[in-house]
Amino acid sequence: MKMMNIASGSSGNCTFIGTDDGSLLIDAGISMKRIEEGLNTASMTLRDIDAIFITHEHTDHIKGLKAVSRKYEIPIYLTGGTYNAMKYISNVRDIDDELFSVIGSDSEVAIRDMVVRSKSISHDAAEPVCYSVTDGKKKVSVATDLGMYDASTVEFLYDSDMMLLEANHDVRMLETGPYPYHLKKRILGSKGHLSNESCGKMLLELLHPHVKKVMLGHLSRENNFPELAFESVKNEVLESPFIDDVRDIGLSVAKRDMCSGIFEC
(Lines give C-alpha, C1' and ligand atoms only; values in the text may rest on other atoms or scores of the structure.)
Protein backbone atom coordinates (compact mmCIF):
# COMPACT_ATOMS: atom_id res chain seq x y z
CA MET A 1 0.00 0.00 0.00
CA LYS A 2 1.00 3.62 -0.54
CA MET A 3 0.49 6.82 1.45
CA MET A 4 1.39 10.43 0.72
CA ASN A 5 0.43 13.45 2.76
CA ILE A 6 -0.26 16.35 0.42
CA ALA A 7 -1.07 18.93 3.13
CA SER A 8 -1.69 18.83 6.87
CA GLY A 9 -2.58 21.66 9.24
CA SER A 10 -5.26 24.16 10.14
CA SER A 11 -4.83 25.75 6.70
CA GLY A 12 -5.77 22.55 4.86
CA ASN A 13 -5.62 18.76 4.90
CA CYS A 14 -5.38 16.14 2.17
CA THR A 15 -3.86 12.66 2.19
CA PHE A 16 -3.47 10.15 -0.65
CA ILE A 17 -3.78 6.41 0.01
CA GLY A 18 -3.63 3.78 -2.70
CA THR A 19 -2.51 0.49 -4.17
CA ASP A 20 -1.46 -0.50 -7.68
CA ASP A 21 -5.17 -0.91 -8.51
CA GLY A 22 -6.93 1.92 -6.66
CA SER A 23 -6.45 5.41 -5.26
CA LEU A 24 -8.35 7.64 -2.87
CA LEU A 25 -8.06 10.87 -0.92
CA ILE A 26 -8.81 11.47 2.72
CA ASP A 27 -10.18 15.05 2.75
CA ALA A 28 -9.81 17.80 0.16
CA GLY A 29 -9.11 20.83 2.32
CA ILE A 30 -6.78 22.65 -0.06
CA SER A 31 -7.27 24.07 -3.55
CA MET A 32 -7.70 21.75 -6.51
CA LYS A 33 -4.50 23.19 -7.95
CA ARG A 34 -2.51 22.21 -4.86
CA ILE A 35 -4.03 18.74 -4.82
CA GLU A 36 -3.10 18.27 -8.48
CA GLU A 37 0.42 19.55 -7.87
CA GLY A 38 0.82 17.13 -4.99
CA LEU A 39 -0.39 14.17 -7.01
CA ASN A 40 1.83 15.22 -9.91
CA THR A 41 4.90 14.74 -7.72
CA ALA A 42 4.01 11.04 -7.68
CA SER A 43 3.15 10.93 -11.42
CA MET A 44 -0.61 10.98 -10.76
CA THR A 45 -3.52 13.31 -11.41
CA LEU A 46 -7.01 13.68 -9.98
CA ARG A 47 -8.24 11.48 -12.83
CA ASP A 48 -6.53 8.60 -11.03
CA ILE A 49 -8.56 9.11 -7.84
CA ASP A 50 -11.45 6.68 -7.35
CA ALA A 51 -13.04 8.29 -4.28
CA ILE A 52 -12.74 11.07 -1.70
CA PHE A 53 -13.50 10.33 1.95
CA ILE A 54 -14.34 13.34 4.15
CA THR A 55 -13.60 13.24 7.88
CA HIS A 56 -15.82 16.22 8.80
CA GLU A 57 -17.22 19.49 7.50
CA HIS A 58 -14.66 22.04 8.73
CA THR A 59 -13.25 24.20 5.95
CA ASP A 60 -9.69 22.92 6.25
CA HIS A 61 -11.00 19.49 5.21
CA ILE A 62 -13.40 20.40 2.37
CA LYS A 63 -12.08 23.65 0.84
CA GLY A 64 -11.21 22.13 -2.55
CA LEU A 65 -14.11 19.70 -2.74
CA LYS A 66 -16.41 21.82 -4.91
CA ALA A 67 -13.82 22.52 -7.60
CA VAL A 68 -12.64 18.92 -7.67
CA SER A 69 -16.14 17.47 -7.84
CA ARG A 70 -17.24 19.91 -10.55
CA LYS A 71 -14.32 19.04 -12.84
CA TYR A 72 -13.73 15.35 -12.12
CA GLU A 73 -17.02 14.06 -10.63
CA ILE A 74 -15.22 11.86 -8.12
CA PRO A 75 -17.51 9.98 -5.69
CA ILE A 76 -17.54 11.49 -2.19
CA TYR A 77 -18.06 9.41 0.95
CA LEU A 78 -19.05 11.00 4.26
CA THR A 79 -21.24 10.44 7.28
CA GLY A 80 -24.85 11.57 7.41
CA GLY A 81 -24.07 14.24 9.99
CA THR A 82 -21.28 15.65 7.84
CA TYR A 83 -23.47 15.56 4.74
CA ASN A 84 -26.27 17.47 6.49
CA ALA A 85 -23.85 20.03 7.93
CA MET A 86 -22.34 20.67 4.51
CA LYS A 87 -25.75 21.70 3.15
CA TYR A 88 -25.32 24.98 5.04
CA ILE A 89 -21.79 25.70 3.81
CA SER A 90 -21.91 27.97 0.77
CA ASN A 91 -18.85 26.69 -1.10
CA VAL A 92 -19.97 23.04 -1.10
CA ARG A 93 -23.75 22.96 -0.77
CA ASP A 94 -24.36 22.98 -4.55
CA ILE A 95 -22.17 19.95 -5.34
CA ASP A 96 -24.09 17.43 -7.45
CA ASP A 97 -25.98 15.33 -4.92
CA GLU A 98 -25.42 12.17 -6.95
CA LEU A 99 -21.72 12.30 -6.10
CA PHE A 100 -22.39 11.81 -2.39
CA SER A 101 -22.55 8.43 -0.69
CA VAL A 102 -23.59 8.61 2.96
CA ILE A 103 -21.87 6.07 5.20
CA GLY A 104 -22.16 5.22 8.86
CA SER A 105 -19.69 6.44 11.44
CA ASP A 106 -18.62 2.82 11.95
CA SER A 107 -18.81 1.25 8.51
CA GLU A 108 -16.91 -0.41 5.66
CA VAL A 109 -16.74 0.61 1.99
CA ALA A 110 -15.01 -1.31 -0.81
CA ILE A 111 -13.02 0.81 -3.28
CA ARG A 112 -11.41 -1.42 -5.92
CA ASP A 113 -9.03 -3.71 -3.98
CA MET A 114 -9.27 -1.67 -0.77
CA VAL A 115 -11.66 -1.68 2.16
CA VAL A 116 -12.12 1.69 3.87
CA ARG A 117 -13.31 1.59 7.48
CA SER A 118 -14.64 4.58 9.39
CA LYS A 119 -14.63 5.17 13.13
CA SER A 120 -16.41 7.88 15.10
CA ILE A 121 -14.11 10.30 16.93
CA SER A 122 -14.52 13.12 19.45
CA HIS A 123 -14.38 16.55 17.79
CA ASP A 124 -16.59 19.62 17.61
CA ALA A 125 -18.17 18.68 14.30
CA ALA A 126 -21.49 17.10 13.31
CA GLU A 127 -20.40 13.46 12.90
CA PRO A 128 -16.60 13.30 12.54
CA VAL A 129 -14.66 10.11 11.77
CA CYS A 130 -11.18 8.79 11.23
CA TYR A 131 -10.37 6.20 8.58
CA SER A 132 -8.31 3.08 8.04
CA VAL A 133 -7.69 1.51 4.65
CA THR A 134 -6.61 -2.06 4.00
CA ASP A 135 -5.91 -4.24 0.99
CA GLY A 136 -6.22 -7.37 3.10
CA LYS A 137 -2.49 -7.52 3.76
CA LYS A 138 -1.47 -4.04 4.89
CA LYS A 139 -3.29 -1.24 6.71
CA VAL A 140 -2.98 2.55 6.53
CA SER A 141 -4.79 4.90 8.94
CA VAL A 142 -5.48 8.63 9.22
CA ALA A 143 -6.64 10.03 12.56
CA THR A 144 -6.61 13.79 13.13
CA ASP A 145 -9.00 16.32 14.71
CA LEU A 146 -9.79 14.37 17.85
CA GLY A 147 -9.87 15.89 21.29
CA MET A 148 -9.36 12.56 23.01
CA TYR A 149 -8.84 8.89 22.30
CA ASP A 150 -9.98 5.79 24.14
CA ALA A 151 -9.60 2.03 23.97
CA SER A 152 -11.96 1.79 20.99
CA THR A 153 -9.82 4.30 19.05
CA VAL A 154 -6.69 2.29 19.79
CA GLU A 155 -8.43 -0.94 18.80
CA PHE A 156 -9.54 0.60 15.50
CA LEU A 157 -6.11 1.96 14.58
CA TYR A 158 -4.09 -0.97 15.88
CA ASP A 159 -2.19 -3.13 13.35
CA SER A 160 -1.66 -0.13 11.06
CA ASP A 161 1.50 -0.41 9.00
CA MET A 162 1.47 3.33 8.24
CA MET A 163 -0.30 6.12 10.12
CA LEU A 164 -0.93 9.85 10.07
CA LEU A 165 -1.75 10.94 13.63
CA GLU A 166 -2.59 14.33 15.09
CA ALA A 167 -0.01 16.16 17.19
CA ASN A 168 -1.71 19.54 17.17
CA HIS A 169 -0.24 21.58 19.99
CA ASP A 170 2.12 21.89 22.88
CA VAL A 171 -0.03 22.41 25.96
CA ARG A 172 2.31 24.98 27.54
CA MET A 173 2.56 27.01 24.34
CA LEU A 174 -1.22 27.01 24.01
CA GLU A 175 -1.87 27.96 27.63
CA THR A 176 0.57 30.90 27.57
CA GLY A 177 -0.10 31.94 23.98
CA PRO A 178 -2.28 34.71 22.49
CA TYR A 179 -5.44 32.71 21.84
CA PRO A 180 -8.56 33.91 23.70
CA TYR A 181 -9.69 31.80 26.64
CA HIS A 182 -12.70 30.26 24.84
CA LEU A 183 -10.50 29.04 21.99
CA LYS A 184 -7.90 27.59 24.36
CA LYS A 185 -10.70 25.81 26.22
CA ARG A 186 -12.07 24.40 22.96
CA ILE A 187 -8.70 23.07 21.77
CA LEU A 188 -7.87 21.53 25.14
CA GLY A 189 -11.33 20.00 25.55
CA SER A 190 -12.49 16.49 24.73
CA LYS A 191 -13.84 17.69 21.37
CA GLY A 192 -10.76 19.69 20.43
CA HIS A 193 -7.34 18.50 19.28
CA LEU A 194 -4.71 16.07 20.52
CA SER A 195 -1.59 17.55 22.11
CA ASN A 196 1.91 16.32 21.33
CA GLU A 197 2.01 14.36 24.57
CA SER A 198 -1.40 12.75 24.01
CA CYS A 199 -0.39 11.79 20.50
CA GLY A 200 2.75 10.16 21.86
CA LYS A 201 0.81 8.22 24.47
CA MET A 202 -1.66 7.00 21.85
CA LEU A 203 1.12 6.01 19.47
CA LEU A 204 2.83 4.08 22.27
CA GLU A 205 -0.30 1.92 22.49
CA LEU A 206 -0.40 1.49 18.71
CA LEU A 207 3.15 0.32 18.13
CA HIS A 208 3.80 -3.24 17.03
CA PRO A 209 6.72 -4.93 15.25
CA HIS A 210 5.48 -4.17 11.72
CA VAL A 211 4.96 -0.39 11.84
CA LYS A 212 6.75 1.10 8.82
CA LYS A 213 5.81 4.79 8.86
CA VAL A 214 4.29 7.29 11.30
CA MET A 215 3.64 10.90 10.34
CA LEU A 216 2.59 13.56 12.82
CA GLY A 217 -0.01 15.90 11.38
CA HIS A 218 -2.37 18.83 11.85
CA LEU A 219 0.25 20.86 13.76
CA SER A 220 -0.88 24.26 14.98
CA ARG A 221 1.03 27.13 13.41
CA GLU A 222 0.76 29.21 16.59
CA ASN A 223 1.04 26.56 19.32
CA ASN A 224 3.57 24.06 18.06
CA PHE A 225 6.82 23.56 16.18
CA PRO A 226 7.70 20.52 14.06
CA GLU A 227 10.81 19.89 16.13
CA LEU A 228 8.86 20.13 19.38
CA ALA A 229 6.15 17.76 18.17
CA PHE A 230 8.78 15.27 17.02
CA GLU A 231 10.74 15.34 20.29
CA SER A 232 7.62 15.20 22.47
CA VAL A 233 6.25 12.15 20.69
CA LYS A 234 9.70 10.57 20.55
CA ASN A 235 10.07 10.86 24.32
CA GLU A 236 6.80 9.00 24.84
CA VAL A 237 7.29 6.16 22.37
CA LEU A 238 10.84 5.24 23.26
CA GLU A 239 9.30 3.36 26.18
CA SER A 240 7.97 0.83 23.66
CA PRO A 241 9.57 -2.63 23.62
CA PHE A 242 9.12 -2.71 19.85
CA ILE A 243 11.62 0.01 18.92
CA ASP A 244 15.11 1.15 19.89
CA ASP A 245 15.03 4.29 17.77
CA VAL A 246 12.19 6.30 16.19
CA ARG A 247 13.88 5.72 12.85
CA ASP A 248 12.55 2.17 13.22
CA ILE A 249 9.04 3.54 12.63
CA GLY A 250 9.99 6.30 10.19
CA LEU A 251 8.72 9.01 12.53
CA SER A 252 8.37 12.35 10.74
CA VAL A 253 6.25 15.50 10.72
CA ALA A 254 3.82 16.19 7.87
CA LYS A 255 4.18 19.68 6.45
CA ARG A 256 1.27 22.02 5.81
CA ASP A 257 2.58 23.25 2.45
CA MET A 258 4.74 20.44 1.08
CA CYS A 259 4.10 16.84 0.00
CA SER A 260 5.65 14.12 2.08
CA GLY A 261 6.55 11.95 -0.89
CA ILE A 262 5.20 8.43 -1.34
CA PHE A 263 5.68 5.86 1.42
CA GLU A 264 5.00 2.19 0.83
CA CYS A 265 4.42 -0.87 2.98
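The structure displayed is predicted, hence computed values, not measured ones.

### Things to note about empty space enclosed by the protein
Then step 1. Under the counting rule described, the total for this entry stands at one cavity of 30 Å³ or more.
Then step 2. Taken as a whole, the largest cavity holds about 60 Å³ of empty space.
Then step 3. As for the largest cavity, its lining consists of Asn5, Ala7, Ser8, Asn13, Cys14, Thr15, Ile26, Asp27, His61, Val142, Thr144 and Leu164.
Then step 4. Every element with two or more residues in the lining of the largest cavity is listed here: strand E1 (2-7) and strand E2 (14-18).
Then step 5. Considered class by class, the residues forming the lining of the largest cavity number five nonpolar, six polar and one charged.

### Observations concerning the sheet that holds strand E6 (residues 100-103)
Then step 1. Strand order in the open sheet formed by seven strands is E6-E5-E4-E3-E2-E1-E14, and the pairing between neighbours is mixed. Here the strands that pair on one side only, and so sit at the sheet edges, are E6 and strand E14 (263-264).
Then step 2. Relative to strand E3 (residues 23-26), E2 runs antiparallel, the two being bridged by four bridges. Along E3, the bridge assignment pairs Phe16 with Leu25.

### Some details on the sheet that holds strand E13 (residues 252-253)
Then step 1. Taken in spatial order, the seven strands line up as E7-E8-E9-E10-E11-E12-E13 in an open sheet, and their pairing is mixed. The sheet is open, and its two borders are formed by strand E7 (108-111) and E13, each paired with just one other strand.
Then step 2. Here four bridges tie strand E10 (residues 139-143) to strand E11 (residues 162-166), and the two strands are oriented parallel to one another. The partner of Ala143 across the bridge, within E11, is Leu165.
Then step 3. Along the sheet, helix H8 (residues 196-206) makes contact with E11 and strand E12 (213-217), crossing E11 at roughly 155°.

Rules used in this analysis
Residues numbered from 1 in each chain as written. Predicted model: local features only at pLDDT ≥ 70, side-chain atom pairs only at ≥ 80, totals over all residues. Heavy atoms only, no water. 1 Å grid on protein atoms, 1.4 Å probe; cavity = no way out; pocket = protein on both sides within 12 Å on 5 of 7 lines; lining within 4 Å. Points joined across faces, edges and corners; volume = space filled by probe spheres on them. Helix = DSSP H or I, 4+ residues; strand = E, 2+ residues; numbered from the N terminus. Nonpolar A, V, L, I, M, F, W, Y, C, P; charged D, E, K, R; others polar. Pairing = 2+ DSSP bridges. Contact = heavy atoms within 4.5 Å. Axes fitted to C-alpha atoms, helices over the stretch in contact; angles between N-to-C directions.

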